[in-house]
Amino acid sequence: MITLGADPEFALLLNGRRIAARSVLTGAGTRSIFGPDGGSVLAEVRPAPSPSPVGLITNIQTSLQHAVRRWPHLAYYQWAAGAYPGGYPAGGHIHFGGNWEGTSLIEMTRHHDRMRNTLNHLDFVLTEFEALWSTGELHRQWLNRRGTTTFGQPGAFRFQSHGFEYRMPASWLIHPTLAIAETTLALLTVRWSLSHPIGATLGAPYKLEVHDYPYPTELEPGAVLLRMIASGICGTDKHTFRG
């Protein structure tokens, strides 16, 4: 089973001015579930991994609640996510671990052809998706940042002890629905690129479950097997998701 992790970043603003996370989150460790990022400028949430996108987002909410209990003065700050909060680029890195059909993900992804195939799909899906919610000047700044530095470059990843970390997406902590959508798309894309067909089933409002749907071993007389090239999401789907 593939597990999802993340370490999305966001800015802390006070009266419209970005405040360095290191000066606000005193005593936070680099391995705690909440603290400054590597550059100490942005705040970073590090939730426990989960095999479910909804589970991951729930763990993120738990981490944020922990942060408010630990540092009550955070309630006086504006928490800003997206591509360029407070004029500083923020990432929404997604981690993949666990195993797939008995083989650890780290072993599978060390095959560069498979890794390249997986990241090509992820780049295409998430770049198009981000264009829908990160628009205007902020989106242009994000694209410019990608084009002039190594930050957020398509295909950016690094191996981790649990599998690999995908480093392209902007911070998707803007809204719970967006966070679930972004992580679900990432998980579906990785699983699709690795093996047989998968799909997302809405069991109840806000409860999106990912399942395997293996190819049928035989077809009934007169039946045909269709290959899906693309699918879409309409406004009605969004209302159904929210109940």
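Structure first, text after, so check above.
Residues numbered from 1 in each chain as written. Predicted model: local features only at pLDDT ≥ 70, side-chain atom pairs only at ≥ 80, totals over all residues. Heavy atoms only, no water.

1. A closer look at the side chain of S50
Right, so step 1: Within the secondary structure, S50 is located in the loop between β5 (43-45) and α2 (53-70).
Right, so step 2: Of note is the side chain of S50, whose polar atom sits 3.1 Å from the backbone nitrogen of S52.
Right, so step 3: The contacts of S50, once residues within four sequence positions are left out, are T3, L4, G55, L56 and N59. (Helix = DSSP H or I, 4+ residues; strand = E, 2+ residues; numbered from the N terminus. Polar contact = N/O pair within 3.5 Å; in protein donor to acceptor, adjacent residues only side chain to side chain. Contact = heavy atoms within 4.5 Å.)

2. Observations concerning the pattern of salt bridges
Right, so step 1: Counted according to the given criterion, the structure contains 2 salt bridges.
Right, so step 2: Residue R46 pairs with E44 through a salt bridge whose shortest N-O separation is 2.8 Å. Summarising the burial analysis for this pair, R46 and E44 share the class buried. (Salt bridge = Lys/Arg side-chain N within 4 Å of Asp/Glu carboxyl O. Buried < 20%, exposed > 50% of the residue type's maximum accessible area, 1.4 Å probe, protein only.)

3. As for the pairing of strand β7 (residues 94-100)
Right, so step 1: With 5 of its 7 residues buried, β7 lies for the most part within the structure.
Right, so step 2: Direction of pairing for strand β1 (residues 2-6) relative to β7: antiparallel, over a ladder of 5 bridges. Across the sheet, the residue bridging to G5 is H95, located in β7.
Right, so step 3: Sheet analysis places β7 next to strand β10 (residues 163-166), joined by 4 bridges and oriented antiparallel. Considered in β10, the bridge of F96 is made with F164. (Pairing = 2+ DSSP bridges.)

4. Details of unusual backbone geometry
Right, so step 1: For N15, which is not a glycine, the phi torsion comes out positive at approximately 55°.
Right, so step 2: As for its placement among the helices and strands, N15 is situated in the loop between β2 (9-14) and β3 (17-19).

5. Side note on α2
Right, so step 1: Between its first and last C-alpha, α2 extends 26 Å over 18 residues, near the 26 Å set by a 1.5 Å rise per residue.
Right, so step 2: The set of residues buried in α2 consists of P53, G55, L56, I57, I60, S63, L64 and A67.
Right, so step 3: Those residues of α2 hidden inside the fold are in contact with β1, β2, β4 (34-36), β5, β6 (78-80) and α6 (176-194).
Right, so step 4: Between a side-chain oxygen at the N-terminus of α2 and the backbone nitrogen of V54 the separation is 3.2 Å; the capping residue is S52. (Expected span 1.5 Å × (residues − 1).)

6. So, the packing of aromatic side chains
Right, so step 1: One pass over the structure, following the stated rule, counts 5 aromatic pairs.
Right, so step 2: Taken together, a centroid distance of 6.1 Å and an interplanar angle of 40° make the contact between F34 and W71 tilted. With F34 in strand β4 and W71 in the loop between α2 and β6, this residue pair connects regions lying 37 residues apart in the sequence. Summarising the burial analysis for this pair, F34 and W71 share the class buried.
Right, so step 3: The structure contains a cluster of three or more aromatic residues connected by ring pairs, namely F10, F34, W71 and W79. (Phe/Tyr/Trp six-rings, centres within 6.5 Å; stacked < 30°, edge-to-face > 60°.)

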